[in-house]
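Below, each chain spelled out in residue letters.
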Amino acid sequence: MGYNVPTTFVHSRVSLMVVVYKGVIREKPSSKEEAREFIKGYSGSHGSVVGSVLVTNLKTGVRKGGWDKAEVYFHEIPDKVIDDLIEEGITLNVAGGLMLEHPLTLPFVETVVGAADTVMGLPKTLTEEFIKDVL
């Protein structure tokens, strides 16, 4: 029985994802208090998400990397929703303290300028472009 083994392997990695709010870089909140501060800041305002991608052809060693940016604009987020998000605990595990696709967050997203997949952690179009470039 034979196996169809690819001759070229491509490794892709998001090496960094941060939120930029009023010129300050925000990674994962370090406490519930910091998460609350982050989310209250986005309420009725916006933040930018910056993510980087590095794709490596493991056979040839060719690499291609770059970054993508998207902006998320929010409606006012009620204190009860902020409390529920923080109690759930997810806010401490994500850059900037919010997940775009979370059911408690999504209703308060006014608009996204840029790609939603960039906000969620992997700029798909950029990644696909880099994969093609290194093959």
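Residues numbered from 1 in each chain as written. Predicted model: local features only at pLDDT ≥ 70, side-chain atom pairs only at ≥ 80, totals over all residues. Heavy atoms only, no water.

### Describing the side chain of Thr127
Then, number 1: Its place among the elements puts Thr127 in helix H4 (residues 124–134).
Then, number 2: For Thr127, a relative accessible area of 7% gives the class buried.
Then, number 3: A polar side-chain atom of Thr127 sits 2.8 Å from the main-chain carbonyl oxygen of Pro123. (Helix = DSSP H or I, 4+ residues; strand = E, 2+ residues; numbered from the N terminus. Buried < 20%, exposed > 50% of the residue type's maximum accessible area, 1.4 Å probe, protein only. Polar contact = N/O pair within 3.5 Å; in protein donor to acceptor, adjacent residues only side chain to side chain.)

### Considerations on the environment of Thr60
Then, number 1: Take Thr60: it is sitting in the loop between strand S3 (46–57) and strand S4 (63–74).
Then, number 2: Distance in space between the C-alpha atoms of Thr60 and Leu135 is 8.7 Å, their sequence separation being 75 residues.
Then, number 3: Within the structure, Thr60 has its side chain in polar contact with the backbone nitrogen of Val62 (distance 3.2 Å).

### Some details on the environment of Asp133
Then, number 1: Here Asp133 is to be found in helix H4.
Then, number 2: Assessed through its relative accessible area of 41%, Asp133 is described here as partly exposed.
Then, number 3: With 71 residues separating them in the primary sequence, Asp133 and Val62 have C-alpha atoms 8.9 Å apart.

### Considering the packing of helix H1 (residues 32–42) against helix H2 (residues 79–88)
Then, number 1: Between H1 and H2, the shortest axis-to-axis distance is 10 Å and the interhelical angle comes to 140 degrees. Taken as axis vectors, H1 and H2 run oblique relative to one another. Seen from above, H1 lies across H2 with right-handed handedness. In this structure, H1 contributes Lys32, Ala35, Arg36, Ile39 and Lys40 to the contact, and H2 contributes Asp79, Ile82, Asp83, Leu85, Ile86 and Glu87. (Axes fitted to C-alpha atoms, helices over the stretch in contact; angles between N-to-C directions. Parallel < 35°, antiparallel > 145°, perpendicular 65-115°, else oblique. Left-handed = near helix turned anticlockwise from the far one by under 90°. Contact = heavy atoms within 4.5 Å.)

### Description of H4
Because each turn of an α-helix spans 3.6 residues, side chains separated by three or four positions end up pointing in the same direction.
Then, number 1: Buried within H4 we find Leu126, Thr127, Phe130 and Val134. Down the axis of H4, the smallest arc covering the buried residues is 100 degrees, so these residues share one side. Those residues of H4 that are exposed and angled more than 90 degrees off the buried face are Thr125 and Lys132. (Arc of directions from axis to C-beta.)

### Some details on the packing of aromatic side chains
Then, number 1: Counting across every chain of the model gives two aromatic pairs.
Then, number 2: Judged by centre distance (5.5 Å) and plane angle (90 degrees), the rings of Tyr21 and Tyr42 are edge-to-face. Within this pair, whereas Tyr21 is found in strand S1 (residues 10–21), its partner Tyr42 is found in helix H1, the two being separated by 21 residues in sequence. Take Tyr21 and Tyr42: they sit in the same class, and that class is buried.
Then, number 3: Note on Tyr42 and Phe74: the rings are 5.9 Å apart at their centroids and 25 degrees apart in plane angle, and the pair reads as stacked. Here the residue Tyr42 occupies a position in helix H1, and Phe74 occupies one in strand S4, the gap between them amounting to 32 residues.
Then, number 4: Phe74 sits in the buried class, given a relative accessible area of 7%. (Phe/Tyr/Trp six-rings, centres within 6.5 Å; stacked < 30°, edge-to-face > 60°.)

### Examining the pattern of salt bridges
Then, number 1: In this structure the tally under the stated criterion is six salt bridges.
Then, number 2: One salt bridge in this structure joins Glu71 and Lys69, with 4.0 Å as the shortest N-O distance.
Then, number 3: Note that Lys80 and Asp84 form a salt bridge whose closest N and O atoms lie 2.9 Å from each other. Here Asp84 and Lys80 lie together in helix H2, a separation of four residues that amounts to about one turn. (Salt bridge = Lys/Arg side-chain N within 4 Å of Asp/Glu carboxyl O.)

All quantities given are derived from atomic positions and should not be read as evidence of function.
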